[in-house]
Amino acid sequence: MSKKGTIKRAVGYARVSTDMQNESSIDAQIYGIKEYCEKHGYCLINTYIDFGISGTTDQRPQFQQMIEDSKKGEFEAVMVHKGDRFARSRNLSSTYKEILAKNKIEFISVTECFGSEPESVLLEGLTEAMAEYYSRNLAREVRKGLLQKARDCLYTGGNLPLGYDVDPETQKFILAKNEDEMKTVQLIFQMKKENYGYAEIIRALEAKGLNKSKKGNTLSKSAINWMLHNERYTGVYIYDRLSAKGANGRNGHLFKPEEDMIRIEGGIPQIIDKDTFEAVQKIMATNKKTNGRFRLKHPVLLTGLIECECGYSYVSCYRKERPGHKAYSSYHCGYKSSHKDHHCSNKGIEQTSIDDAVLELLYKYLYDDVETITNELNTHRKALMLNLDSDLQTVKKQITANEIKVKNLVDAIAQGVSNAAMFDRIKELEKERERLEGKLSEASRVEETVELTTNEVQSILDKSREWVRTKNIPEVRRFIDKYVHKVVVFKETVEVTLNVAFSFGTRKSATYRFKKILSRGSLCECWYDIGEAI
């Protein structure tokens, strides 16, 4: 209670767990908080309200905003109608109450007056434990009901897959009343069975007026990918396949073993036959394993290495030969194909011209000037070796200091002194340690490098010279992957970063990167304007 003659500034926090709880519950909480303020001399300056979010998580926007505002000194007390509105987890409750206490904020539950006696600690702890028990027990009872509904192949909530509706009386899955939904699903599976890409499937759906989701939105590539993996379309009822929720929530990509989930054959109507579904799974598995460059029917050398000045990758585009038009291949900015606003104004670039230009560049600077390359590699190695000892010692000291900081924090937590900021700091230190260990590893690798001779470099390059000259595509791709770091396309120029290093059994040379500039205007000519990058 505030002292006589003083008024403390307070804020209120209210929460309901589900959207089904109406606003009168919030009104009742706020009314109780206001009534307490009037009786005990507090001035309520603000209220924070979270709708439809469980108290077992701290991922509540208004709750986190209140905790953040508590650091600013704008109020002296946080009030809740009841402790379980603040949190339904003992760990969360104690963690955030400690943060409030550190910020010199008083925590008040207006319907639970625990007092300041030693016994109040036991009473408050028991109340928090009961709130957590209630939440866990409720979750268990709800889960029991949902599992029984699942065993009966009934609808348990969530978004319906395209092609299905729910019978309002029996709560069983039925085929969608809108026949276009089933046609959409069947066309998607049939085209994928014939190994069409997602873009081609979307174009075919749009042409037939079928490119609509359950909510009426256009289908995205990710939505189609999800449908193609959904075994429910074969008539299998599946429930409870996601792994249990952990400290950071549920991982939507982590599934339970098949024997631990509910899986009932024939539990829902079938839209896609088993053979078609299995054929599609094999095609997607094959496509996933094979790099895109090696699946294309026309040779593509720079996919994965070439990017736009805006930061997006350049993707390959191929137009087949048809009457009056020759076959044409190009690279263009991937931003334009994935964003409707077409923000990037950089033009595409003819594929053969840029591929040949990069090969010519490699040939000129690797094959025709072996002596210069050898000298540059050795000079680069000497520069790295010059500062190696001091660099290693500096990084080792930084790693030691990092370990001491982490140990101090862990010891403090073990002694019961903990808050969210301490755990965040440990994560930051762990990331810093990973970065430092990477620098240490990189510096250590320099010690293993060797000084090169022109003959050694020449012998390595001679092995691939004929492949590049004769355009042996698989070998040329490997050659480009080895010596080209990346290619960046600007409106007027193309910047090529070469990545030069050689291996001699267990011995390696230092890795040396340098940039060359190609003029875009000269790419269509038989010669290339090559200059040093600034």
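This text follows the structure it describes.
Being a predicted model, the structure only gives us computed values, none of them experimental.

Q: Tell me about the overall build of the chain, residues and numbers included.
A: The number of helices and strands found in the chain is 17 helices and 18 strands. Taking all 534 residues of the chain together, the buried fraction comes to 37%. Counting only contacts in the chain whose residues sit at least 6 apart along the sequence, the fraction spanning at least 24 positions is 62%.

Q: Account for the sheet that holds strand 4 (residues 106-109), naming residues and giving values.
A: An order of 2-1-3-4 is seen for the four strands of this open sheet, with the pairing classed as parallel. Strands with a single pairing partner mark the edges of an open sheet, and in this sheet they are strand 2 (42-50) and strand 4. Across this sheet, the average inter-strand angle for adjacent strands is 25 degrees, counted without regard to direction. The pairing of strand 1 (residues 8-15) with strand 3 (residues 77-80) spans four bridges and is parallel. Paired with Y13 across the bridge in strand 3 is V80.

Q: Residue-level account of the sheet that holds strand 11 (residues 328-333), with values.
A: One open sheet holds the three strands; their spatial order is 10-11-12, and the pairing between them is antiparallel. Two strands in the sheet have a free side with no partner beyond their single neighbour: strand 10 (314-319) and strand 12 (349-350). Looking at chain direction, strand 11 and strand 12 are connected through two bridges and run antiparallel. Bridge pairing links S330 to E350 in strand 12.

Q: Would you mind going over the pairing of strand 3 in detail, with residue names and values included?
A: Strand residues, when the strand is regular, have side chains that alternate between the two faces of the sheet. Burial along strand 3 is two-sided: the residues A77 and M79 and V78 and V80 are all buried. As defined by bridge partners, strand 3 adjoins strand 4 across four bridges and the pair is classed as parallel. The partner of V78 across the bridge, within strand 4, is F107.

Q: Could you give me a rundown of helix 8 (residues 221-229), with the residues and numbers involved?
A: Buried within helix 8 are the following residues: I224, M227 and L228. Buried residues along helix 8 cover an arc of 100 degrees about the axis, so they all sit on one side.

Q: Break down the packing of helix 2 (residues 61-69) against helix 4 (residues 90-102) for me, citing the residues and quoting the values.
A: Viewed as axis vectors pointing N to C, helix 2 and helix 4 meet at an angle of 30 degrees, and their least axial separation amounts to 9 Å. Between helix 2 and helix 4, the interaxial angle falls into the category roughly parallel. Here F63, Q64 and I67 of helix 2 come into contact with helix 4, specifically with Y96, I99 and L100.

Q: Quick one: what's the story with helix 6 (residues 179-193), residue by residue and with numbers?
A: Across its 15 residues, helix 6 extends 21 Å between first and last C-alpha, which sits within 8% of the 21 Å expected from 1.5 Å per residue. Taken together, the buried positions of helix 6 are occupied by E181, M182, T184, V185, L187, I188, F189, M191 and K192. Two residues or fewer past helix 6, N195 is found with a positive phi of approximately 65 degrees.

Q: Describe in detail the environment of F75, supporting the description with residues and values.
A: Position of F75 relative to the elements: it lies in the loop between helix 2 and strand 3. Setting aside residues no more than four positions away along its own chain, F75 makes contact with R9, A10, V11, I45, Y48, M66, D69, S70 and I105.

Q: Lay out the packing of aromatic side chains in plain terms, naming residues and giving numbers.
A: One pass over the structure, following the stated rule, counts 11 aromatic pairs. Each ring, one from F173 and one from Y237, has its centre 6.1 Å from the other, and the planes form 70 degrees; the classification is edge-to-face. Of this pair, F173 sits in strand 6 (residues 173-175) while Y237 sits in strand 7 (residues 236-239), placing them 64 residues apart in sequence. In textbook terms, an aromatic cluster arises when at least three aromatic residues are bridged by ring pairs, as seen for Y155, Y164, F173, F189, Y233, Y237 and F277. A cation sits over an aromatic face here: R60 above F63, 4.2 Å from the ring centre. Seen from the ring of Y198, K192 lies directly overhead, with NZ or CZ sitting 4.6 Å from the centre.

Q: Mind laying out the pattern of salt bridges, listing which residues take part and the relevant values?
A: Throughout the structure, instances matching the rule amount to 15 salt bridges. Among the salt bridges present, the one from K214 reaches D165, with a minimum N-O distance of 2.8 Å. Here D165 lies in strand 5 (residues 164-166) and K214 lies in the loop between helix 7 (198-207) and helix 8, a separation of 49 residues in the sequence. The salt bridge involving E495 is made with K515; its shortest N-O contact spans 3.7 Å. Residue E495 is found in strand 14 (residues 493-500), and its partner K515 is found in strand 17 (residues 512-519); the two are separated by 20 residues along the sequence. Judged by its relative accessible area of 15%, E495 falls in the buried class. When salt bridges with common partners are traced through the structure, they connect E231, R263, E265 and K274 into a single cluster.

Analysis parameters
- As a convention, each chain's residues are numbered from 1 in the sequence order in which they are written.
- Predicted model: local features are reported for residues with pLDDT of at least 70 only, side-chain atom pairs are reported and counted for 80 or more only, and whole-chain, interface and lining totals are derived from all residues.
- To obtain the side-chain values, all non-hydrogen atoms of the structure were used and water was disregarded.
- Strands here mean DSSP runs of E at least two residues long; helices mean DSSP runs of H or I at least four residues long; both are numbered from the N terminus.
- Only protein chains enter the calculation, and the probe is 1.4 Å; a residue is then buried if its accessible area is under 20% of its type maximum, exposed if over 50%, and partly exposed in between.
- Whether two residues touch is decided by their heavy atoms; if any such pair falls within 4.5 Å, the residues are in contact.
- Following DSSP output, two strands are said to pair if at least two bridges run between them.
- In this analysis, axes come from line fits to C-alpha atoms, helices being fitted only over the stretch in contact, and the angle between any two N-to-C directions falls in the range 0 to 180 degrees.
- Arc, as used here, means the arc of the directions from the helix axis to the C-beta atoms.
- Note on terminology: angles under 35 degrees are roughly parallel, angles over 145 are roughly antiparallel, angles of 65 to 115 are roughly perpendicular, and the others are oblique.
- Expected span, for any helix, means 1.5 Å times one less than how many residues it has.
- Between rings of Phe, Tyr and Trp, where Trp is taken as its six-membered ring, a pair exists when centres lie within 6.5 Å; planes separated by under 30 degrees are stacked, by over 60 edge-to-face, and by other angles tilted.
- Consider the ring centre and the ring normal. A charge sits over the ring if Lys NZ or Arg CZ is within 6 Å of that centre and within 35 degrees of that normal.
- Any carboxyl oxygen of Asp or Glu within 4 Å of a side-chain nitrogen of Lys or Arg constitutes a salt bridge here.

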